[in-house]
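Fold and geometry: a report
Single-letter residue listing:
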Amino acid sequence: MDHQPHPTQDNDHQHHQRYGSYDQHRILDLDAEVFGDNLAAVLDLSGVPSARRVVDLGAGTGAGSRLLRERYPDAAVTCIDNDPQMLKLLREQGFAVVAADLDDGFPALAGSLTTADPAADAPVDLVWAFSSLHHVAHPARLLSGICRALAPGGVLVVVELAALPRFLSHPREALLEQRCHAAAEAEGWNHHPNWTPVIEAAGFTVTQSEVTTTALLTPAAREYAQQWFARFSHMAALTADDRDDLENLLERLPDDIELEPRATRTVWVATPDQNRHPDLWAEDIAEDIAG
């Protein structure tokens, strides 16, 4: 199974830099704004009604962190990222921040905070990994560390896009969108493994499910669609005719095309397996390093 980082378009600030940092930041925030109900439904699956300490892995612009803070207003939300620009954005939003590379495993939070966290020594009730795990070179090492850091009854939630978001409903336009998705898949966009066996091997019991949301057609949804189709227009696999159709589509997107924004995400809700012997964690880490 290939666990190396792969290009994705959801909560990813490390790839597709050719589109510019502003576009990348904007698309992360648009996803949270347009599909906020989708993300809220994901949190409903976590089964965590309240929390004292929440950790956001690969927090990026803080779109998911803001959702976590809204859902758990009494919790200290700690954001982990290794991008200085993202860390600055997170600090400006008042989050406790840990500068860390997740390839090195789950960081020691209390000793790594660069912003005050009133619950720095508290066990972690919820770890949120929103489209970040597939960028980690050694996921077993990270997951084993999370398993040890969770409080009794604590939960890990891993989220990935099941497929790229869809926007078009007219048959001819939907076929163009389908061809764009096929080209993106050929380039490795949104590639990630089935995390169930990997998470189980790290000492968790896992429930896997999918959440689908159709969003309201708002100005933000139109802008979000425009961001996606602008990115598609750069793909080498598209034909000249498809490029022309995309150019026409982009000209009409602001106000002349009926849209039906929808997204499906795969969700893994994991709790530490009480029957698993702790010594096996070290063996998993050694195997992951050797691999």
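Not measured: the values here are computed from a predicted model.

Scanning the protein from N- to C-terminus turns up 11 helices and 8 strands. When each of the 291 residues of the protein is scored for burial, the buried share is 56%. Considering only intrachain contacts with a sequence separation of at least 6, the fraction spanning at least 24 residues in the protein is 77%. As presented, the protein carries roughly 12600 Å² of accessible surface, and 49% of it is formed by carbon and sulfur atoms.

Where helix 2 (residues 36-46) meets helix 3 (residues 63-71), the axes come as close as 11 Å, and the angle between the chain directions of the two elements is 55°. Viewed along their axes, helix 2 and helix 3 adopt a mutual orientation that is oblique. Considering how the two elements wind past one another, helix 2 and helix 3 form a crossing that is right-handed. Between helix 2, through Leu39, Ala40, Leu43 and Asp44, and helix 3, the contact on the second element is made entirely by Leu67, Leu68 and Arg71.

Before going further, it helps to examine the nonpolar core. Residues Tyr224, Trp228, Phe229, Phe232, Met235, Leu246 and Leu249 are the most contacted members of the largest nonpolar core, which totals 30 residues. Sort the elements by how many residues they give to this core and helix 9 (residues 219-232) lands first, with 7 residues. Once residues lying within four places of it in the same chain are set aside, the contact partners of Phe229 are Phe167, Leu168, Glu177, Leu246, Leu249, Leu250 and Leu253.

Moving on, we get to helix 7 (residues 171-186). The terminal C-alpha atoms of helix 7, which comprises 16 residues, lie 23 Å apart, in line with the 22 Å expected from a rise of 1.5 Å per residue. For helix 7, the set of buried residues is Glu173, Leu176, Glu177, Cys180, His181, Ala183 and Ala184. For helix 7, the arc enclosing every buried residue in end-on projection is 160°, short of the 170-degree limit, so these residues lie on one face. Exposed residues pointing more than 90 degrees away from the buried face of helix 7 are listed as Pro171, Arg172, Glu185 and Ala186. For helix 7, the secondary structure elements touched by its buried residues are strand 6 (166-168), helix 9 and helix 10 (240-252). Of the residues one or two after helix 7, Gly188 is the one with positive phi, at around 90°.

A cluster of acidic residues, Asp241, Asp244, Glu247 and Glu251, forms a negative patch at the surface. Topologically, Asp241 is positioned in helix 10.

Mapped onto the elements of the fold, His135 is located in the loop between strand 4 (124-130) and helix 6 (139-149). A polar contact of 3.0 Å, which involves the side chain of His135, links it to the side chain of His134.

The backbone of Ser131 sits at a positive phi, close to 50°, despite the residue not being glycine. With respect to the helices, strands and loops of the structure, Ser131 is situated in the loop between strand 4 and helix 6. On the basis of relative accessible area, Ser131 is assigned to the buried category, the value being 1%. At Asn190, a position not held by glycine, the phi torsion is positive, near 60°. Locating Asn190 in the fold gives a position in the loop between helix 7 and helix 8 (196-201).

Cut-off values and rules
Counting restarts for each chain: residues are numbered from 1 in the order of the written sequence. At least 70 in pLDDT is required for a residue's local features to be given in this predicted model, at least 80 for side-chain atom pairs to be given and counted, and no such filter applies to totals for whole chains, interfaces and linings, which use all residues. Working from all heavy atoms in the structure, the side-chain values ignore hydrogens and water. Strands are runs of DSSP state E lasting at least 2 residues, helices are runs of H or I lasting at least 4, and numbering of each runs from the N terminus. Only protein chains enter the area calculation, which uses a 1.4 Å probe; residues under 20% of their type maximum are buried, those over 50% are exposed, and those in between are partly exposed. It only takes one pair of heavy atoms within 4.5 Å for two residues to be counted as in contact. Note on areas: these come from Shrake-Rupley sampling with a 1.4 Å probe, and a residue is covered only by the protein chains present in the view. What counts as an axis is a line fitted to C-alpha atoms, over the stretch in contact for a helix, and the angles between N-to-C directions run from 0 to 180 degrees. For classification purposes, an angle smaller than 35 degrees is called roughly parallel, one larger than 145 roughly antiparallel, one from 65 to 115 roughly perpendicular, and anything else oblique. For a crossing to be left-handed, the near helix must be turned anticlockwise from the far one by less than a right angle; the clockwise case is right-handed. We call a set of buried residues a nonpolar core when its members are Ala, Val, Leu, Ile, Met, Phe, Trp, Tyr or Cys and they connect through side-chain atoms within 4.5 Å of each other. Working rule for helices: expected span equals 1.5 Å times residues minus one. Each C-beta atom gives one direction from the helix axis, and the arc is the one those directions make. Like-charged residues are merged into a patch within 9 Å and nonpolar side chains (Val, Leu, Ile, Met, Phe, Trp, Tyr) within 5 Å, provided each residue has over 30% relative accessible area and no salt bridge. Salt bridge, as used here: a side-chain nitrogen of Lys or Arg that lies within 4 Å of a carboxyl oxygen of Asp or Glu. Note that His is not counted, nor are the chain ends; the positive residues are Lys and Arg, and the negative ones are Asp and Glu. To locate a charge, the coordinates of NZ of Lys, CZ of Arg, CG of Asp or CD of Glu are taken. The term polar contact refers here to a pair of N or O atoms within 3.5 Å; inside protein, the definition further demands a hydrogen-donor-capable atom paired with an acceptor-capable atom, and it admits residues adjacent in sequence only when both atoms are side-chain atoms.

All we've got here are geometric facts, nothing functional implied.
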